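# Close look at the chain arrangement
The chain contents come next:
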Amino acid sequence: MGAAGDGAAPVAVRRRWWRLLAASAEELSSAEAVIRDGRTAWWRLGDGFVDNRLLEAADRKWLEHGGGSSIGRVLKVDALLERANPSAPLEERCAAMGVTPEMRGAAALAAEALGEEDYENLA
């Protein structure tokens, strides 16, 4: 088992549930995505990570189609939630799809930089 500070990741310790260190804080600072069981669980948007499970669920529930680029889905779901309830604060809309307001802003900047207006073909 790796000792604290020796640079080796600790081995999982079995208790009631399996627990292990997947990545250190330093590793996460440069990570683009976290993959779990072959699927993207979280992906970087700005300075944070999007909970892809929540975003996909919101996309399927409200847009009824799933798919599309991740940035496009953030913007499309947000636009739909804003149209459905114009008085809902940005924080509430963002929480419903697993992002922070800062991440939503980063998605809008990325779309603007790509010159996309309909968010359909973002990579």
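Not measured: the values here are computed from a predicted model.

By the secondary structure assignment, aspartate 51 is in strand 5 (residues 48-51). Its relative accessible area of 17% is what places aspartate 51 among the buried residues. At a separation of 3.1 Å, a polar atom in the side chain of aspartate 51 contacts the main-chain amide nitrogen of arginine 53. Look past the residues within four positions of aspartate 51 in its chain and what remains in contact with it is Ala41, Trp42, Met97 and Gly98.

Looking now at the pairing of strand 5. Consecutive residues of a regular strand have side chains that alternate between opposite faces of the sheet. Where strand 4 (residues 39-45) lies against strand 5, 4 bridges are found, and the strand directions are antiparallel. Opposite tryptophan 42, over in strand 5, you have aspartate 51 as the bridge partner. Taken together, strand 4 and the strand that follows it, strand 5, pair antiparallel across an intervening segment of 2 residues, in which glycine 46 is found at a positive phi of about 65°.

Turning our eyes to something else, we now look at the confidence of the model for the chain. For the chain, per-residue confidence averages 77 on the pLDDT scale, and 71% of positions sit at 70 or higher. Looking over the chain, one finds the lowest element-wise mean pLDDT in strand 1 (residues 13-14), namely 52, and the highest in helix 4 (residues 90-96), namely 92.

Here is what the cut-offs are and how they apply
Residues numbered from 1 in each chain as written. Predicted model: local features only at pLDDT ≥ 70, side-chain atom pairs only at ≥ 80, totals over all residues. Heavy atoms only, no water. Helix = DSSP H or I, 4+ residues; strand = E, 2+ residues; numbered from the N terminus. Buried < 20%, exposed > 50% of the residue type's maximum accessible area, 1.4 Å probe, protein only. Polar contact = N/O pair within 3.5 Å; in protein donor to acceptor, adjacent residues only side chain to side chain. Contact = heavy atoms within 4.5 Å. Pairing = 2+ DSSP bridges. pLDDT = per-residue confidence, 0-100.

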